[in-house]
Amino acid sequence: MKQIKTIAKPTLKTTKGKGCGECQTSCQSACKTSCTVANQECENTKRR
Amino acid sequence: MIHCYKFKGNNIVLDINSGAVHVVSDLVYRILSPHSDKADMGDGRPCASGVGPETAGGRPGASDAGPETAGGRSGASGADPETAGGRPGASGALTAPLPLPQGLSGRYPAHEIDEALSEIAGLIDAGMLFSDDSQVSHDMLEGRGAVIKALCLHAAHDCNMSCAYCFADEGAFTGEKSLLPAETGRMAIDFLLEQSGDRRNLEIDFFGGEPLMNFEVIKALVAYGREREKLFGKNIRFTITTNGLLLGPEKEAFINEHMDNVILSIDGRPEINDAMRKTRGGSGTYSLIIDNLLRFGQNRGGRFYARGTFTRHNLDFSRDVKHLAELGFRNVSIEPVVAPGAMDFAIGDGDLPRIFDEYDKLAELYIEYARRGEQFAFFHFNMDLSGGPCVIKRVCGCGAGTEYVAISPEGDIYPCHQFVGEEGYRLGNLHELAAQGGFSNPLYGFFNHAHIYSKGECAACWAKFYCSGGCHANALHMNGDILKPYGVGCALERKRVECAIGIQAELAG
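Q: Tell me what's going on with the packing of helix α4 (residues 182–195) of chain B against helix α5 (residues 215–232) of chain B, and back it up with residues and numbers.
A: Residue and element names in this part refer to chain B. The geometry of α4 relative to α5 is characterised by a closest axis approach of 10 Å and an angle of 30° between their N-to-C directions. Comparing the axis directions of α4 and α5 gives the class roughly parallel. With respect to the hand of their crossing, α4 and α5 are arranged in right-handed fashion. Contacts from Ala182, Gly185, Arg186, Ile189, Asp190, Leu193 and Glu194 of α4 reach α5 at Val217, Leu221, Tyr224, Gly225, Arg228, Glu229 and Phe232. Of the residues contributing to the contact of α4 with α5, the split by class is seven nonpolar, two polar and five charged.

Q: Provide a residue-level description of the packing of aromatic side chains, including the pertinent values.
A: All names here are of chain B. A complete count under the given rule lists 19 aromatic pairs over all chains for this structure. Geometrically, the ring pair formed by Phe419 and Tyr425 is tilted, given 4.6 Å between the ring centres and 45° between the ring planes. Residues Phe419 and Tyr425 agree in their burial class; the two are buried. Put simply, the rings of Phe310, Phe317, Tyr359, Tyr366, Tyr369, Phe376, Phe378 and Phe381 pair up and form one aromatic cluster. Above the face of the Tyr29 ring, Lys6 is positioned so that its terminal group lies 4.5 Å from the ring centre. The ring of Tyr369 has Arg372 lying over it, and the distance from NZ or CZ to the ring centre is 4.7 Å.

Q: Any chance you could break down the environment of Leu324 of chain B for me, citing the residues and the numbers?
A: On the secondary structure map, Leu324 of chain B appears in helix α9 (residues 318–327). In this view, Leu324 of chain B contacts Ile266, Gly268, Ala306, Phe329, Val332 and Ile334 of chain B; residues no more than four positions away in its chain are not counted.

Q: Could you give an account of unusual backbone geometry, naming the residues involved and the relevant values?
A: Residues and elements named next belong to chain B. Put simply, Gly208 and Gly209 share a cis peptide bond, and its omega is 15°. For Lys8, which is not glycine, the phi dihedral falls at a positive 50°. Here Lys8 lies in the loop between β1 (2–7) and β2 (10–15). For Phe130, which is not glycine, the phi torsion reads 55° and is therefore positive. Along the chain, the position of Phe130 falls in the loop between α2 (110–125) and α3 (138–142).

Q: Kindly report on the sheet that holds strand β1 (residues 4–8) of chain A, identifying the contributing residues and their values.
A: On the basis of which strands lie adjacent, the open sheet formed by four strands has the order β1(A)-β3(B)-β2(B)-β1(B) and antiparallel pairing. Lying at the two open borders of the sheet, with one neighbouring strand each, are β1 of chain A together with β1 of chain B. Between one strand axis and the next, the sheet turns through 25° on average, direction left out of account. Relative to strand β3 (residues 20–24) of chain B, β2 of chain B is paired through five bridges, and the arrangement is antiparallel. Residue Leu14 of chain B lies in a different strand from β3 of chain B, and its bridge partner there is Val21 of chain B. Seen against the sheet, helix α17 (residues 487–508) of chain B touches β1 of chain A together with β1, β2 and β3 of chain B and runs at an angle of roughly 65° to β1 of chain B.

Q: Lay out the interface of chain A and chain B with the relevant residues and their values.
A: Contact residues are listed per partner, giving 42 residues for chain A and 84 residues for chain B. Counting each side, the surface lost to burial between chain A and chain B is near 5,300 Å², with a carbon and sulfur contribution of 52%. Seen at the junction of chain A and chain B, the total is two salt bridges. Among the salt bridges present, the one from Lys2 of chain A reaches Glu115 of chain B, with a minimum N-O distance of 3.8 Å. Across the contact surface, chain A and chain B share 22 residue pairs in polar contact (both at pLDDT 80 or more). Breaking the side of chain A that touches chain B down by element, the ones donating at least two residues are β1 and α1 (26–29) of chain A. Class assignment for the residues of the side of chain A that touches chain B results in 15 nonpolar, 17 polar and 10 charged. Bridge analysis of β1 of chain A against β3 of chain B gives four bridges, and the strand direction is antiparallel. Residue pairing across strands places Thr6 of chain A opposite His22 of chain B, the latter belonging to β3 of chain B.

Q: Tell me about the confidence of the model for chain B, residues and numbers included.
A: Residue and element names in this part refer to chain B. Mean pLDDT over chain B: 88, with 88% of residues reaching 70 or higher. For the stretch residues 49–88, pLDDT sits under 50, and the model shows 109 contacts to residues farther than four places along the chain or on other chains. As a predicted assembly, this complex carries a pTM of 0.89 together with an ipTM value of 0.89.

Q: Kindly report on the nonpolar core, identifying the contributing residues and their values.
A: All names here are of chain B. Counting residues in each nonpolar core, the largest one holds 142 residues, and the members touching the most others are Phe191, Phe206, Met259, Tyr359, Phe381 and Ile501. Counting residues per element, this core draws most heavily on helix α10 (residues 352–372), which supplies 10 residues. If sequence neighbours within four positions are ignored, Phe191 has contacts with Ile148, Leu151, Val405, Ile407, Ile413, Leu430, Leu433 and Phe439. Judged by nonpolar contacts, the second largest core, of 24 residues, contains Val13, Val28, Tyr29 and Leu117.

Q: Mind laying out the sheet that holds strand β14 (residues 377–378) of chain B, listing which residues take part and the relevant values?
A: Residues and elements named next belong to chain B. Pairing within the open sheet is mixed, and its 10 strands lie in the order β14-β13-β12-β11-β10-β9-β6-β15-β16-β17. The sheet terminates laterally at β14 and β17 (428–429), the two strands that pair on one side only. When strand β6 (residues 150–154) meets strand β9 (residues 201–207), the two strands line up parallel, connected through five bridges. Opposite Leu153, over in β9, you have Phe206 as the bridge partner.

Q: Lay out the pattern of salt bridges with the relevant residues and their values.
A: All names here are of chain B. Under the defined criterion, the tally for this structure stands at 27 salt bridges over all chains. Ionic pairing is found between Arg269 and Asp316, a salt bridge with its closest N-O pair at 2.9 Å. On the criterion of sequence distance, the pair formed by Arg269 in the loop between β11 (259–265) and α7 (270–276) and Asp316 in the loop between β12 (303–310) and α9 is long-range, its members being 47 residues apart. Each of the salt bridges in this network shares a partner with another, and the network as a whole consists of Arg269, Asp316, Arg319 and Asp320.

Q: Lay out the packing of α9 of chain B against α10 of chain B with the relevant residues and their values.
A: Residues and elements named next belong to chain B. Following both chains from N to C, one finds α9 and α10 inclined at 25°, their axes separated by 9 Å at the closest point. Looking at the two axes, α9 sits roughly parallel to α10. On α10, the residues touching Ser318, Arg319, Val321, Lys322, Ala325 and Glu326 of α9 are Glu358, Lys361, Leu362, Leu365 and Tyr369. Among the residues forming the contact of α9 with α10, the class breakdown is five nonpolar, one polar and five charged.

Cut-offs used in this document
- Residues numbered from 1 in each chain as written.
- Chains lettered and ligands numbered in written order.
- Predicted model: local features only at pLDDT ≥ 70, side-chain atom pairs only at ≥ 80, totals over all residues.
- Heavy atoms only, no water.
- Axes fitted to C-alpha atoms, helices over the stretch in contact; angles between N-to-C directions.
- Helix = DSSP H or I, 4+ residues; strand = E, 2+ residues; numbered from the N terminus.
- Parallel < 35°, antiparallel > 145°, perpendicular 65-115°, else oblique.
- Left-handed = near helix turned anticlockwise from the far one by under 90°.
- Contact = heavy atoms within 4.5 Å.
- Nonpolar A, V, L, I, M, F, W, Y, C, P; charged D, E, K, R; others polar.
- Phe/Tyr/Trp six-rings, centres within 6.5 Å; stacked < 30°, edge-to-face > 60°.
- Buried < 20%, exposed > 50% of the residue type's maximum accessible area, 1.4 Å probe, protein only.
- Lys NZ or Arg CZ within 6 Å of the ring centre and 35° of its normal.
- Pairing = 2+ DSSP bridges.
- Buried area = accessible area lost by both parts, 1.4 Å probe.
- Salt bridge = Lys/Arg side-chain N within 4 Å of Asp/Glu carboxyl O.
- Polar contact = N/O pair within 3.5 Å; in protein donor to acceptor, adjacent residues only side chain to side chain.
- pLDDT = per-residue confidence, 0-100.
- Core = buried A, V, L, I, M, F, W, Y, C linked by side-chain atoms within 4.5 Å.

Okay, here's the thing in structure tokens:
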């Protein structure tokens, strides 16, 4: 495409379901006072 | 729902429900930006920043079906009415034709407009623009089951510092100073293992106060955890949050061997750190900790963060991040202080424009390091757009009160570290569970229901799948309502997400 460059695919559409829950709890990582979830890593080895 | 904004000259369009991110031409931006979400950024700026009066019909919601109406899915225009796409409905999906801003044909050649409309229509058909949120169901949101996988284990309700902004009452959390007894710690580990269901990866963060004031117990508990995890078929990841005062060869070697992640507390420049982070006697602590932290960092084999707090007194906190980066700390997190408005260092709405500017400066710094090929990560700017968390993680948030709890030295169980000491949020006590026939979380439903689809402001917010609804404790402490997010925190989060994605757009260009 010439006018639109897609830099991220629709990842939220490919992760339906309840999730495996194996990833890190977001507040444990570095913040402890605010909340960002999108910067956490997915640890579902089947998905990767 | 789409969110349109400009970042360093890039026109960025986020398709909220799918997670797709697009960098678009000026023409496409003019077509799409009137349909961006309607919320402002918290400082009065419209979300679709850069849409000015010179853009015909450019203000969100201002354009309507006029002489030019947005092209058909085939992208055809010419003499035919330009019809395509549709307007976003309540779910974010299209329900009606997407109107074109007026005056486009006088600014752009017809073939370019056709091309833009064709590309837009293609992305709509591919579910990458104006997509719906049908991937999220009620059962996903509230039927996950009561499984606890992470503990904030308060090794010490005492501290060897006296920081002005400490939410933990200088370690005591409004109670008596105390150290976690080894037996209570062992009970906490068993509690986690027993409550963790089929989760394999579990987390225990040694927190305080200053946890290294209880180092011998931490050593004993790590050994106990390593032994017990085998019996349960689990993998416990230990982490620790420390102010660094007590670091030394023995502790550092132990931490390096056993801790999956380490959070080192420091606010940045010496005068900034010392204004808030003081000894019990009131002196600054920078000179007391910096050699420890640098030595630890140089010898650390695994992950660690330099983590600080900024307040109203250092709204130029990008300089503190830069200071830490130049010292060699490659993973940095500087968090806004959360404090009642009456405190002189509390951040208020009026500080937002200045803070936004600082995040822009941090983004510049991030890009500079990336282009030099040097490692540098600012916690909130790390974002894996090609993967990242699954959608359920993004809608249910931090897990406080459901899959994440804090345990005090007395064995009291709370939804997270920020609730410790608040009787109304005490979920139980480890020493009483046996007599009660086990653990049953009395507030599970309260916290489990606090997902983004229960919060009106979140459901309408473009950043919901990036922040997951914000901090429960902040909502309750600042607004008295777990379903009403802390507004200043929301504004900052939206700005950080814009920067995080903007950085990737810039680096991809």
